[in-house]
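# Overview (structure and organization)
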Amino acid sequence: MSIKFSSYFNEWLNENYYKSPARVGKGGDFYTSVSVGPLFGVTLAYHFLNLVEKGEFSPHANIVEIGANNGAMMYDFISGIFTFSPENLKTLKFNIIEPHENLKEIQAQNFKQKFGDEVYVKHFNSLKECEFNEAFFISNELLDCFACEVVDEDKMLYVKDDELFWDGINSDTLATCKKFGVNKGEVMLGLKEFAKGVKNCAKRLKFITFDYGDMARRDEITLRIYKDHKVFSPFELANLKEYFGISDITYDVNFAQVEEEFESCGLKFKSFKKQSVAIVEFGGAEVLEYVLKNGGESVYKSFLKQFKFLTSPEFLGERFKMIEFDKGM
């Protein structure tokens, strides 16, 4: 029996590959901004503290991460709070939205090992369980985990016995393509429901996420597989079954669709920037300066290398983007 590609994608990624900590970094399938080192998470914490100083958030706000993998970004964020404003550790609340029980256990073990009983990170299964007065949402490479349909004019992608084939586009997918002006490429599913969940769980919020993609609509298919830092086109592989659930499958995010879907739910679009710009504006250089003065030469060299990796066009600085939404701010 054949199935839509979106079902195959979801089973591959969300029901298999991401049920265990993703293989990221040097020894994994791909690099992320988090796997580069702690600078990414520490810079987000520095930015948040600046927002507290400006009065946009109180010291009693909730920090919420979605798609935390092994918990490294939240750990780095908390470390940044400890470094620049340790008194706020007593009042801030740290939360992770995590549907997978095994990942909750791994994250809890990592936090226990690193913080002991000094810091508590609360887990929620879904956004529906959350009710915050004010929340600062952070995530990295979350949006490209949303299931997608792949289309080419009047055709869409299907799968049978791990083989891809094209057939007629269904009415729902065609309507979505027309709505967002997509003739060829990936159409994201589930964004509106997700955005509603974010909006409804907090009275005031800021939502910041990073991913690869662009705001401009492109008529091209970007679907690809990462395995051991090698990139494969799923259309060129003889046997997808060899990669199913044990490698990363992804695509470039259509941020124009993200903006429209989020705004239609009542979230206010705030900004869209290259990661290189966002890291600088969020205080990455100030974090570097602090490390230079207080961390010693070897630590500074490590953070400087991370800064270059996060901001340089030849690495992650140009390809990755940041999009930001507000509610009640």
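Structure shown above.
Note that the structure is a prediction, hence the values are computed from the model and not measured. (Residues numbered from 1 in each chain as written. Predicted model: local features only at pLDDT ≥ 70, side-chain atom pairs only at ≥ 80, totals over all residues. Heavy atoms only, no water.)

Let's shift gears to the sheet that holds strand E11 (residues 224–227). The strand order across the open sheet built from three strands is E12-E11-E13, with neighbouring strands paired in antiparallel fashion. At either margin of the open sheet sits one strand with a lone partner, and together these are strand E12 (230–232) and strand E13 (248–250). Geometrically, the sheet is characterised by an average inter-axis angle of 25 degrees between neighbouring strands, direction not taken into account. Pairing of E11 with E13 involves three bridges; the strand directions are antiparallel. When the sheet's bridge partners are listed, Ile225 is paired in E13 with Ile249. Its contacts with the sheet put helix H1 (residues 5–13) on E11 and E13, and the angle it makes with E13 is roughly 145 degrees. (Pairing = 2+ DSSP bridges. Helix = DSSP H or I, 4+ residues; strand = E, 2+ residues; numbered from the N terminus. Axes fitted to C-alpha atoms, helices over the stretch in contact; angles between N-to-C directions. Contact = heavy atoms within 4.5 Å.)

Below, the discussion takes up helix H10 (residues 297–311). Under the 1.5 Å per step criterion, the end-to-end length of H10 is 21 Å for 15 residues, consistent within 8% with the ideal 21 Å. Among all positions in H10, only Phe303, Gln306, Phe307, Leu310 and Thr311 are buried. For H10, the angular spread of the buried residues around the axis is 115 degrees, confining them to a single face. Of the exposed residues in H10, the ones pointing more than 90 degrees away from its buried face are Glu297, Ser298, Lys301 and Lys305. Where H10 is buried, its residues meet helix H2 (39–53), helix H8 (275–281) and helix H9 (284–294). (Expected span 1.5 Å × (residues − 1). Buried < 20%, exposed > 50% of the residue type's maximum accessible area, 1.4 Å probe, protein only. Arc of directions from axis to C-beta.)

As a further point, take unusual backbone geometry. Here the phi dihedral of Asp161 falls at roughly 55 degrees; this positive angle occurs in a residue that is not glycine. With respect to the helices, strands and loops of the structure, Asp161 is situated in the loop between strand E7 (155–160) and strand E8 (163–168). Within the chain, Asp162 stands out as a residue other than glycine whose phi angle is a positive 65 degrees. Within the fold, Asp162 resides in the loop between E7 and E8.

For the pair H2 and H9, interaxial distance at closest approach is 9 Å and the crossing angle is 110 degrees. By the angle between their directions, the pair H2 and H9 is classed as roughly perpendicular. Facing H2, whose interface residues are Leu39, Val42, Thr43 and Tyr46, H9 presents Gly284, Glu286 and Val287. Looking at the contact of H2 with H9 residue by residue, the classes come out as four nonpolar, two polar and one charged. (Parallel < 35°, antiparallel > 145°, perpendicular 65-115°, else oblique. Nonpolar A, V, L, I, M, F, W, Y, C, P; charged D, E, K, R; others polar.)

This part takes up the packing of H9 against H10. One way to put it is that H9 packs onto H10 with a least axis distance of 9 Å and a crossing angle of 165 degrees. Taken as axis vectors, H9 and H10 run roughly antiparallel relative to one another. The element H9 and its partner H10 pack so that their crossing is left-handed. Along the contact surface, H9 presents Gly284, Ala285, Val287, Leu288, Val291 and Leu292, while H10 presents Val299, Tyr300, Phe303, Leu304 and Phe307. Of the residues assigned to the contact of H9 with H10, the class counts are ten nonpolar, one polar and no charged. (Left-handed = near helix turned anticlockwise from the far one by under 90°.)

Remember that the coordinates give geometry; whether it matters functionally is a separate question.
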